[in-house]
Each structure stands twice: as C-alpha cells, then as structure tokens.
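Working through the structure, step by step
What follows is the residue order along each chain.
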Amino acid sequence: MTEQMNRKTGRCRRLARALAAASLGLAVSAGAALAWEPTEPIEIMVHSKPGSSPDVLARFIQHIWQKDGLVNVPVTINNQPVISVGFAWLNQHEGNPHKLTVSSTSTVVAPLMGTSDVPWQDLTPISLLISEYIVLGVAPDSELKTAQDFIDSLKKNPKSLSIGFGGSRGNPNNTAVALAAMKAGVDIANLKFVIYSSGAEARIGVMGGHVDAVSNAASGLVGPMVDKTLRIIAVSAPERLTAPFQDVPTWREIGLDVVDSNWRWIGGPGGLTDEQIAFWEDVVAKTVQTPEWKEMVESNHATTTYLNHQDTLKFFEEQEQSMTAVLQSLDLLKK
Amino acid sequence: MDTFYSMLSGFAIAAEPTNLLFLFIGALLGTIFGIMPGIGASTTIALLLPVTFGMDPLPALIMLFGIYYGAMFGGAGSAILLNTPGTASSAMTTLDGYPMARSGRGGAALAMAAIASFIGGTLGIIALSLISVPLSTFALRFGPAEYVMLMLFALSTVASFTGGSVPKGAISACLGLLIATVGIDMQTATFRFTLGIPELQNGIPLIVAIVGLFAVAEVFRNIEDWFRGALSAARIEGKLWLTREEWKRSRGAIGRGSVIGFLIGVLPGTGGTIATVLAYSCERAVSKTPERFGKGAIEGLAAPEAANNSATAGSLVPLLTLGVPGSGTAAILLAAFIMFGIQPGPMLFQQQPDLVWGLINSMYLGNIMLLLLNLPLIGLFVRILYIPPGILMGIILVIASIGAYSINNSAVDLYLILLFGIVGFGFRKVGIPIPPLILGIVLGPTLEQNLRQAMIISDGDPMYLVSSPISITLAVMLCAALILAVAIPVVRRRRELRTC
C-alpha cells in the first residue's frame with residue numbers, strides 16, 4: 001500500500017519540484033531586480049565525518065533545498081576532518097557565496113580554547129538554526145531527587161559526584177553543568193567530569209552505577225527517561241521542553257540563571273555582500289518553515305531557534321562572553 | 001510465548017518482497033564497498049542515510065544493516081588477494097589469507113572466508129535473538145575499571161604473535177600505543193604529538209595505519225623482489241574449493257571465533273577489530289602447530305573471519321537493547337533509528353516487535369544471500385592473482401591511496417600510508433611482528449581513556465581497578481596470561497634441550 005503511494009508521490013514530487021522552482025524563479029525576479037542568486041553548485045562544508053550530527057543536519061538541509069526547489073542549483077556536502085582545516089578551507093573561498101557551512105557551538109568555543117585558529121569573526125554567520133538543550137540525568141534509585149540535591153551535594157564537596165558526558169571538554173554537555181554549578185558558587189575547577197567518547201556510553205555509565213550523573217542533549221536521553229532507567233532532574237533551556245520532558249524543571253526554576261545548548265548555525269566564508277546574505281537568510285527562513293523541518297526538529301527533541309544575520313551576530317557575541325567566563329573557571333581557556 | 005510468536009512472524013515480515021529487495025541491495029552494496037579500504041560500511045551507510053529520508057523505516061533499516069554485515073564479507077576478499085584489508089576488522093585475515101593466496105590456495109581462502117563469515121554471522125544472530133536482553137544487563141556492569149582490565153588482558157595476548165621474541169613483540173605493541181596517543185586528548189582537550197599539522201588532531205585513523213603496514217609494505221617487498229629478479233606471479237594450485245583437511249582444521253576455529261567475536265561485540269566501545277585479534281591469538285594458543293600461523297594456516301583465517309561477523313551481530317545487542325552503539329558503524333545506525341523517530345532501548349522489543357524481529361530475521365536471510373553472492377565470485381576474484389605483479393602492485397597502490405584519501409579527504413593520510421609502508425617494510429626486514437602494533441593502536445585509546453576515567457572517578461586510587469568481581473576475574477586472567485607467556489618458551493626450550 002505505502003509502496004504504491006511512495007512511488008506515486010515520487011512522480012508527483014518531480015512535477016512539484018519543477019513547479020516550485022519555476023514559481024520561486026518568478027518570485028525572485030519579480031521581487032528585486034538586483035537580488036543575488038546562486039549561479040554555480042553549492043558546497044556545504046561540515047567539519048566532521050559523514051553520519052555525525054552536524055553532517056546529518058547538513059544533508060537534511062540539502063534534501064529540503066533540492067526537494068522543494070529552494071535552491072535551483074545542485075547542492076553537495078563537503079566533509080572536512082577538523083574544525084580548523086574546515087574553516088581554513090571555507091576562507092580560501094572568501095567572498096564566495098556558493099560555499100557554506102553548517103557548524104556548531106564549537107565555532108565560538110574552539111578558538112577560545114585554542115583548538116581552532118579561525119575566529120568566528122572571520123566568517124559570515126547567516127542564521128542560527130536549532131538549539132539542543134542539555135539535560136542532567138541520574139539513576140532512578142539515586143539519592144539525588146532534584147536539581148537542588150545535585151547542587152547542594154556539589155556545594156558541600158565539589159568532588160562528591162562524578163559527572164559523565166560524551167564528546168570533549170568545553171562542549172555544551174560540559175559547560176551547561178559547569179555554568180549551573182558556577183552560578184551556585186561551586187568551585188568548578190574541582191568538579192569530577194568523566195569524559196566518554198559518546199553520550200550513550202556516558203548514559204550506561206550511570207545505568208551501570210559507574211558515574212553519578214550524565215549530562216547530554218535531550219534527544220539522547222529521551223528513551224531511558226520514558227523507560228524509567230534514568231531520572232532527568234534539570235534542563236538548561238529558558239523554559240520547560242515539550243513532552244515527554246514537560247515535568248523536568250529548568251535551572252532557572254531553582255534560581256540559577258543558566259541557558260546553554262548545543263546550537264547549530266549556517267553561514268559562509270568571510271566577505272559576503274548584503275545581497276548574498278539576504279538571499280541565504282530568505283532561503284533558510286523558508287527552510288525552517290517546512291513541515292519536514294518541523295517534524296525533524298520535533299523528533300530530535302530540539303528547538304528551532306532561527307535568528308537572522310544581525311541577531312545571529314549578536315548571539316555569537318553573547319555566547320563568546322558567557323563561554324569565556326565558564327571556560328576560564330574550568331581552566332580551559334587558551335593560554 | 002508472545003516473544004516466540006513475534007520471532008516467527010518476523011520471518012514473514014523479512015521475507016516480504018520489498019524487504020527482500022532492499023536486503024539484497026544492502027548486502028550487495030556492503031560487499032562492494034567492503035572491498036575498498038577506507039570506504040567501509042560506516043561511510044556507505046552515512047552517504048545512503050539521506051536517500052532513506054521518507055522511506056518506510058523497516059526496509060530502510062534492513063538495507064542499512066545489510067551494508068553493515070555485508071562489508072564484513074567484502075573486506076576479506078581484498079585482504080586475501082591484495083594484502084589490503086578492506087575494513088579494519090579484516091586486518092587479521094591478511095596474516096594467513098595472503099600467504100595462502102601466494103601459495104596457490106587463494107580460492108580456498110576466499111571460500112573459507114565466506115563460509116566462516118556465514119557461520120559466524122548466523123551464530124551471532126542466533127545469540128542475538130535468544131540472549132540479547134540478559135547480556136545487555138551484563139554489559140552494563142562493564143565500567144572503566146573492567147575495561148582497563150579487559151584491555152590489558154587483550155594486550156597481553158601480544159605474546160602469541162611474537163613467534164619467539166617477546167621483546168620484539170613488546171617494541172611493536174609499545175609503538176602502537178604511542179601512535180594511539182596522537183591527536184586531541186579527550187579528557188583535557190589538548191593536542192598531543194600533532195606537530196602543528198591540523199589533520200592529525202583527530203589522531204591517526206586505524207585503517208590508514210593498516211593499509212600502510214600491510215598493502216604499501218607489500219608493494220615495497222615486491223619491488224625488492226623485482227630488483228633481486230625473484231618476482232613471480234602467484235599460481236592457483238589444486239581445486240578452488242576447500243580440501244577435506246582444510247575444512248577439518250577450520251571447524252573448531254570457526255566455533256571459537258564466533259563465540260569470542262560475539263562476546264567482545266556485545267561490549268560497547270570494543271568492536272570487531274579487537275574481537276578478530278583475540279580470536280586469532282586464541283587460535284594460535286590452542287593450536288598444536290603454532291609455527292604454521294602467519295604462513296598460510298587456514299584456521300588463522302577462519303577464526304577472525306567468523307569473529308568479525310559474529311561481533312557485528314554482537315554489537316547490535318547494546319544497540320537494540322540499550323541504544324548504545326558497540327562500534328563506529330553502529331553509531332551511525334543509531335543515528336538512522338533516531339532519524340526514523342525510533343528509540344532503541346529495552347522497550348523497543350515490546351513496543352515494536354514487528355520492526356525488531358523483522359530486522360533481526362532479515363539478517364539470517366541476508367547472510368544466506370551474502371554466501372550465495374560471494375561463493376560464485378570466487379572464481380572471478382582469484383583471477384586477480386593471474387595479473388602480473390608489476391600491474392597488480394600498481395592496482396594495490398591506487399586502491400590503497402583512494403581508500404586512505406577518502407576517510408578524511410585529506411592528503412596528509414596519503415603521506416601517512418607511505419610512512420607506515422616504510423615502517424612495515426622495515427619491521428619485516430628486522431623480524432618485528434606487525435600485529436602487536438595494530439593491537440596497540442586499537443587498544444590504546446580505549447585503555448587510556450578508561451584508565452583516566454577510572455582515576456577521575458576514584459580520585460586517583462589504583463585499587464579501584466580491582467574493586468569488582470568482574471575486574472578481579474579479568475585481573476587473574478591477565479596474570480595467568482603473563483605467567484604463561486613467560487613460562488611457555490622456557491618450558492619449550494628445556495624440552496628441546498632434553499631431546500637433543
């Protein structure tokens with residue numbers, strides 16, 4: 001049944017794509033005669049391996065752009081090994097609006113820590129896309145019933161709890177907990193952070209009783225929370241997340257002003273013109289309005305936090321300030 | 001009873017024409033891309049993920065899983081014929097597979113690889129069907145301390161590769177451990193031994209080291225032979241199929257390899273490569289004629305091939321029951337599940353039995369398909385051996401370079417395979433075994449990170465490492481292995497002296 005439908009929609013889709021491309025073309029040419037639009041294939045650089053979460057997002061964007069005809073030139077993904085190499089590659093194409101990147105929090109954090117030598121100011125952010133807020137989980141039989149218990153324990157002795165997370169030092173899993181403890185007056189340089197190669201491994205570290213808490217993006221802990229193999233006690237969002245996280249309090253609710261997330265943004269190399277930025281702003285604004293995008297964000301328990309070019313710049317500046325403070329206390333700032 | 005019913009109906013679901021079609025596509029793609037080093041299952045699955053947007057989850061997952069275990073079949077072919085492991089977990093297959101091919105038994109080696117893969121894979125899936133839930137609770141008890149002990153135990157098997165000289169094996173293993181430290185250090189986010197080369201920040205990819213040490217070194221060795229005028233093409237001797245004796249020698253190896261592979265596969269963060277190393281050294285340890293290993297012993301090929309396929313099934317245990325990937329490829333499969341809005345975990349078996357059992361049972365069919373797909377290809381593949389060495393070596397270099405480059409799209413990896421090629425050639429000249437070096441690179445990161453996790457958790461107390469029944473058991477096994485490693489050569493030497 002679904003088989004046949006799929007095949008049919010496939011045929012319809014091709015027609016729809018052609019129509020959409022045609023109508024978009026009309027709209028653009030009618031809208032502003034001077035407006036820029038792409039004339040050669042688009043390359044989206046991702047500084048991580050195929051299959052990593054920024055890569056999956058970039059490929060999803062590629063899929064929407066081509067399917068809905070938002071961009072009427074081919075779009076390819078270019079995987080680069082590490083952030084500094086990736087951004088160096090991007091800036092070899094300075095002023096070329098056909099080269100884009102989908103990147104993450106590390107854009108701001110890596111230069112602060114000295115793990116990348118390309119400051120974000122050398123790039124052209126187009127817009128913030130999504131934020132994955134960070135939740136804190138403990139074992140169901142843990143003595144830590146609430147976020148307050150967690151903070152109280154650390155206040156008494158910063159080494160009393162071991163906190164596992166996946167990835168590397170200075171990532172949002174690390175900074176979200178550190179920020180909360182810092183705002184509560186804990187000496188965060190002494191916290192016991194146990195780093196795993198993935199959030200999933202950190203999670204089973206808690207489930208197996210090897211570490212006391214796990215800090216991870218909400219999407220990675222939704223299964224264990226529903227299964228009740230983990231208890232989620234706090235979220236680093238400005239307000240509570242939607243179901244099934246509706247009962248998880250924010251850090252703000254216990255009086256700690258913490259909002260931290262793993263965010264993703266899209267942008268290009270340095271030196272793009274206002275027309276070029278405006279074109280991409282418009283495409284991205286349309287992308288995040290598609291039903292598929294909304295469905296993808298919801299199934300990932302993320303939040304669309306779209307910002308335009310100007311607001312994204314402001315956001316990066318704010319992030320740089322707050323991250324500098326927390327990284328300083330964690331002794332992770334570049335020396 | 002319910003579970004039993006779900007298992008059976010899973011077969012009906014797996015055998016639906018659409019699912020069979022996608023299973024075939026997956027198995028075929030897996031075999032093809034498994035042959036190429038660098039373009040392994042993980043890259044293929046990642047590249048195909050966007051294609052599956054909008055597909056029904058079951059056929060899509062069946063296809064992606066098919067690529068995963070299909071690549072394990074494909075990886076063996078290039079390991080045996082070209083000394084170029086197509087996947088990291090087929091590195092051990094080269095040790096005896098390639099000598100077999102050079103001595104005219106290439107057809108038998110390929111047949112054994114396919115059969116061992118089939119049996120290992122099938123036994124692995126049976127275990128996955130029957131005992132995945134209790135096993136996953138056991139895997140949970142493996143924390144940093146237990147992993148440290150397990151890794152040390154695995155490292156102690158180095159002795160079985162050294163063929164007499166323990167110091168030479170130790171040199172090789174230590175160099176491997178050193179290579180494993182290159183890159184960004186996870187616990188402190190500082191760079192180590194990156195020499196200012198940004199491409200080294202992620203460390204040296206295992207497959208780059210393997211391709212250099214095996215494939216490129218083999219090219220150098222052939223060039224040397226050419227200068228000496230001793231270069232000749234391999235021949236095919238006897239029948240393409242296995243002899244009765246070869247089959248008899250391999251049966252036990254396949255069984256042991258399957259068990260080891262599955263158990264190691266179940267532990268998250270270990271993966272197929274470690275399983276093959278352990279299976280190979282176990283086979284050597286139980287063999288009455290360990291000196292044949294490395295010179296074309298068919299059981300040395302059967303054990304790791306069975307192990308890497310059953311490890312693949314094993315790594316699906318934590319993936320399906322805990323949502324924890326047991327290997328890099330499983331991590332991408334997890335991403336695929338999440339993309340379809342399916343959350344793997346203990347509830348998945350109850351909430352979506354059709355999906356889980358359809359998927360698991362499709363793997364039985366997939367393994368049969370792969371066997372049927374691979375066996376007829378043997379006659380075609382062995383023809384590669386008729387290619388004159390001068391041309392064949394060129395082909396190996398091209399495949400090795402494309403494979404290395406495609407991992408990171410980075411030219412640095414090309415220099416690295418050349419460097420590792422020189423190291424591999426040099427090692428062979430002075431008689432230092434290469435497998436311990438691979439073992440060091442594979443085990444190093446897991447050993448180091450778990451040790452440091454353990455030290456952070458325990459605030460620097462070494463007794464934490466032997467504070468659970470599992471870690472104590474592993475520590476005892478480690479001590480026993482070390483004592484045997486020292487004692488066996490001594491005993492043997494005495495016996496030899498006596499007989500003189």
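Every chain begins its residue count from 1, and numbering advances along the sequence as written. Working convention: letters from A go to chains and numbers from 1 go to ligands, in the order in which they are written. Selection of residues for local features in this predicted model requires a pLDDT of at least 70, selection of side-chain atom pairs for listing and counting requires 80 or more, and totals for whole chains, interfaces and linings are taken over all residues. Hydrogen atoms and water are omitted, and side-chain values are computed over all heavy atoms in the structure.

Digging into the overall build of chain B
Strands here mean DSSP runs of E at least two residues long; helices mean DSSP runs of H or I at least four residues long; both are numbered from the N terminus. Within chain B, the regular secondary structure consists of 20 helices and 2 strands. Over its C-alpha atoms chain B spans a radius of gyration of 22 Å, differing by no more than 12% from the 23 Å that the globule rule assigns to 500 residues. The principal-axis extents of the C-alpha atoms in chain B amount to approximately 65 × 60 × 55 Å. The buried share among the 500 residues of chain B stands at 61%. A fraction of 79% describes how many contacts in chain B between residues 6 or more apart in sequence connect residues 24 or more apart. Split by element, the accessible area of chain B, about 19100 Å² in all, is 71% carbon and sulfur. Counted charges follow a simple rule, with Lys and Arg positive, Asp and Glu negative, and His plus the chain ends left uncounted. By convention, the charge on Lys lies at NZ, on Arg at CZ, on Asp at CG and on Glu at CD. Side chains of chain B give 27 positive and 23 negative charges; the mean places of these two sets differ by 15 Å. Values of the radius of gyration come from C-alpha atoms, whereas the globule rule sets the reference at 2.2 Å times the count of residues to the power 0.38. Residue exposure (1.4 Å probe, protein chains only): buried if accessible area is under 20% of the type maximum, exposed if over 50%, otherwise partly exposed. Contact criterion: two residues are considered in contact whenever any of their non-hydrogen atoms come within 4.5 Å of each other. Using the Shrake-Rupley algorithm and a 1.4 Å probe, accessible areas are obtained, with residue cover drawn only from the displayed protein chains.

Examining the interface of chain B and chain A
If you look at the interface, chain B gives 46 residues, while chain A gives 45 residues. Both faces combined, the contact of chain B with chain A buries some 3700 Å², and carbon together with sulfur accounts for 60% of it. Accessible area, probed at 1.4 Å, shrinks when two parts are joined; the buried area is that loss added up over both. It is F53, L140 and M186 of chain B that lose the most area in chain B upon contact with chain A, and together they represent 15% of the buried surface on that side. We define a salt bridge as a contact between a side-chain nitrogen of Lys or Arg and a carboxyl oxygen of Asp or Glu at a distance within 4 Å. Put simply, chain B and chain A have 1 salt bridge between them.

Side note on the state of the cysteines
Residue and element names in this part refer to chain B. For the purposes of this analysis, a disulfide is any pair of cysteine sulfur atoms at a distance within 2.5 Å. Counting across every chain of the model gives 0 disulfides over all chains. Sulfur of C174: no disulfide; nearest cysteine sulfur belongs to C479 and is 18 Å away. C282 takes part in no disulfide bond, and the closest cysteine sulfur, belonging to C479, lies 20 Å away.

Digging into unusual backbone geometry
Note the cis peptide between A243 of chain A and P244 of chain A, where omega equals 0°. With respect to the helices and strands, the residue P244 of chain A is situated in the loop between strand 8 (231–235) and strand 9 (261–268). Positioned with a positive phi, H301 of chain A is a non-glycine residue whose angle comes to about 50°. Along the polypeptide, H301 of chain A turns up in the loop between helix 10 (291–299) and strand 10 (303–307). Residue H301 of chain A is classed as partly exposed on the basis of its relative accessible area, which comes to 21%. One non-glycine residue, F193 of chain B, lies in the positive phi region at around 50°. As for its placement among the helices and strands, F193 of chain B is situated in the loop between strand 2 (191–192) and helix 9 (206–228).

Describing the environment of L241 of chain A
All names here are of chain A. Summarising the element assignment, L241 is placed in the loop between strand 8 and strand 9. Residue classification places L241 among the buried positions, given a relative accessible area of 13%. Sequence separation between L241 and K334 is 93 residues, and the spatial gap between their C-alpha atoms is 34 Å. Other than its neighbours up to four places away in sequence, L241 contacts Y133, A218, V235, Q246 and T303.

Considerations on the pairing of strand 7 (residues 213–217) of chain A
Residues and elements named next belong to chain A. The buried fraction of strand 7 is high, at 5 of 5 residues. Strand pairing is defined by DSSP finding a minimum of two bridges between the two strands. Relative to strand 7, strand 4 (residues 124–138) runs antiparallel, the two being bridged by 5 bridges. Across the sheet, the residue bridging to V138 is A213, located in strand 7. Of the pairings in the sheet, the one linking strand 5 (residues 162–166) to strand 7 comprises 3 bridges and is parallel in character. Looking across to strand 7, one finds that F165 is bridged to S215.

Re helix 13 (residues 328–339) of chain B
Relative to the 16 Å expected for 12 residues at 1.5 Å per residue, helix 13 of chain B spans 17 Å between its end C-alpha atoms, a close match to the ideal helical length. Turning to helix 13 of chain B, its buried residues number three or more, namely T329, A330, I332, L333, L334, A336, F337 and I338 of chain B. Buried residues belonging to helix 13 of chain B abut helix 10 of chain A together with helix 3 (41–48), helix 4 (57–82), helix 12 (299–322) and helix 15 (353–374) of chain B. Here the expected length of a helix is defined as 1.5 Å per residue gap, with one fewer gap than residues.

Describing the pattern of salt bridges
All names here are of chain B. What the rule picks out here adds up to 24 salt bridges over all chains. Put simply, E448 and R192 hold a salt bridge, and the shortest N to O gap is 2.8 Å. With E448 in helix 19 (residues 435–457) and R192 in strand 2, this residue pair connects regions lying 256 residues apart in the sequence. With a relative accessible area of 19%, E448 lands in the buried category. Two residues, E218 and R221, come together in a salt bridge whose shortest N-O distance is 2.9 Å. With a gap of 3 residues between them, E218 and R221 both fall in helix 9, about one helical turn apart. The class of R221 is partly exposed, set by a relative accessible area of 23%. Connected through salt bridges with shared partners, the residues D185, R192, E448 and R452 form a single ionic network.

Points about the packing of aromatic side chains
Residues and elements named next belong to chain A. Any two of the Phe, Tyr and Trp rings considered here, Trp counted by its six-membered ring, make a pair once their centres fall within 6.5 Å; the pair's planes then place it as stacked at under 30 degrees, edge-to-face at over 60, or tilted in between. Scanning the model with the defined rule gives 20 aromatic pairs over all chains in all. Between F279 and W280, the ring centres sit 5.0 Å apart and the planes meet at 75°, which makes this aromatic pair edge-to-face. Comparing F279 with W280, the two get one shared label, buried.

Focus: the packing of helix 6 (residues 172–183) of chain A against helix 11 (residues 309–329) of chain A
Residue and element names in this part refer to chain A. The convention used is that axes are lines fitted to C-alpha atoms, helices contributing only their stretch in contact, and that angles between N-to-C directions extend from 0 to 180 degrees. Between helix 6 and helix 11, the shortest axis-to-axis distance is 10 Å and the interhelical angle comes to 80°. Here helix 6 lies roughly perpendicular to helix 11, going by the angle between them. When helix 6 is examined against helix 11, the residues T175, A178, L179 and M182 are found in contact with a partner set consisting of M323, A325, V326, L327 and S329. Each residue gets one of three labels, nonpolar for Ala, Val, Leu, Ile, Met, Phe, Trp, Tyr, Cys and Pro, charged for Asp, Glu, Lys and Arg, and polar for the others, Gly among them. For the contact of helix 6 with helix 11, the class distribution of residues is 7 nonpolar, 2 polar and no charged. Oblique is the label for every angle not falling under 35 degrees (roughly parallel), over 145 degrees (roughly antiparallel), or within 65 to 115 degrees (roughly perpendicular).

Here's the deal with the side chain of S287 of chain B
Examined against the element boundaries, S287 of chain B turns out to sit in the loop between helix 11 (272–286) and helix 12. Residue contacts for S287 of chain B: discarding those within four places in its chain leaves F293 and E299 of chain B.

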